[in-house]
Amino acid sequence: MTQPRSTDPAPRRARSRRPGSTDVARLAAVSQKTVSRVMNGEPHVRDDVRQRVLEAARELGYRRNNVARALNSGRTHRIGVVSLGTALWGPSTLLVAAERAARSTGYAITVVNTFEDDPGGIAGAIEALLEQGVDGIVLSEPIDEDPVEIEVDVPVLSFGRFPGLSGAQLITVCGDAELAANSATQHLLSLGHQTVRHVAGPQRWWSARERTEGWRGALVEAGAEERPPVEGDWTPASGYASGRRLLAEDPDLTAVFVANDDMAIGLIRALEDSGRRVPDDVSVVGFDDIPTAAYLSPPLTTVAQDFDVVASVGLRRLVQALERPDEPEEASPRSAMPLVVRDSTCPPRDAPPGAQG
């Protein structure tokens, strides 16, 4: 009797076993405990040994079993991130930098977006992340939701002020935006401008408030007249509208400090449309140093932010709080936010001879 022919093009082969930590230990010529230490990002492993283990893991295609890891340690090795649901350059760049930094520490992240017009959005996002069992929480761009008290029992990293937050361990890492805004305003005053107008960010954002306070402080220190700031919403369109408004109420203005580069771009367009030249008639300073700032016409003088450094320092401190809570807390001075002077600022036409050029 003829046997039916197999329809398989080739005999089935036994599925190869997934490589484990013992295989990595054997190839790297180390103990399994050393492999565990390397994979968990623990200290006290020599750099050459760490590199040998990682190279062996890559060669074998080894991946950690995070389910087993969570059962053994009682932790998920997952960090929750509360982020504003926005395409704005600053928050989105900080979110990418935070994800990159988290991945380098061996943690995965879960992102929950909030929105500016969502009352209680931050509190709700934190609660949702805690329900998922995250080991720690990151607040990427805190905004003021009016009176809010949030009690959190896991370590929390905030990239900015959040006065209503309380918990067992709170970590704040950010640049000194107030000092940077003060320096930007001082730069314009030092050129000989009698005063400096300000296009502010939305004042629900703590970062916008800090930049406004820095601008105001510089005017007070110099004894310069303070005119009310015009508030935008971070977008070029609001910068354009703010520029039109400033020109209507102050046609003799000569200098403007803008709370971010996108609004500065809109402001410059408004100035040009009204026949004002930058910087000959009006000097403009932005904030953020977005990638296009150096290629505008004229190239924009602005405050630079290094989001990668801020995220790396912050995540390193958060992981220390999670894995080595008894160690002394790592000192984290505020990251530098230097003023990058380009071609959008110069002395006013009537500047005294001693003004800086």
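Before reading further, recall that the structure is shown in the block above.
Visitor: Help me understand helix α7 (residues 177-190), please; the structure alone is not making it clear to me.
Guide: Helical geometry: 3.6 residues make up each α-helical turn, so side chains three or four residues apart lie on a common side. The first and last C-alpha atoms of α7 sit 20 Å apart over 14 residues, in line with the 20 Å expected at 1.5 Å per residue. Those residues of α7 that sit buried are Ala177, Ala180, Ala181, Asn182, Ala184, Thr185, His187, Leu188 and Leu189. If you follow the buried residues of α7, they end up packed against α8 (206-222), β10 (255-258), β11 (283-288), β12 (301-304) and β13 (339-340). Two residues or fewer past α7, Gly192 is found with a positive phi of approximately 110°.

Visitor: It is not clear to me how the side chain of Asn260 should be interpreted in this structure. Could you clarify?
Guide: Structurally, Asn260 can be placed in the loop between β10 and α10 (261-273). Separated by 3.0 Å, the side chain of Asn260 and the backbone nitrogen of Met263 make a polar contact. Residues within four places of Asn260 in sequence aside, it is in contact with Arg211, Trp234, Phe287 and Asp288.

Visitor: Would you take a moment to explain the pairing of strand β1 (residues 78-84) for this structure?
Guide: Across a regular strand the side chains alternate sides, sitting on one face of the sheet and then on the other. Of all seven residues that make up β1, six are buried, and the element is covered over most of its length. Strand direction decides the pairing type here: β1 and strand β2 (residues 108-114), joined by seven bridges, are parallel. Paired with Arg78 across the two strands is Ala108, which belongs to β2. Handedness of the β-α-β unit built from β1, helix α5 (residues 89-104) and β2 comes out right-handed.

What counts and how
Residues numbered from 1 in each chain as written. Predicted model: local features only at pLDDT ≥ 70, side-chain atom pairs only at ≥ 80, totals over all residues. Heavy atoms only, no water. Helix = DSSP H or I, 4+ residues; strand = E, 2+ residues; numbered from the N terminus. Expected span 1.5 Å × (residues − 1). Buried < 20%, exposed > 50% of the residue type's maximum accessible area, 1.4 Å probe, protein only. Contact = heavy atoms within 4.5 Å. Polar contact = N/O pair within 3.5 Å; in protein donor to acceptor, adjacent residues only side chain to side chain. Pairing = 2+ DSSP bridges. Right-handed = clockwise from strand over helix to strand, strands pointing away.

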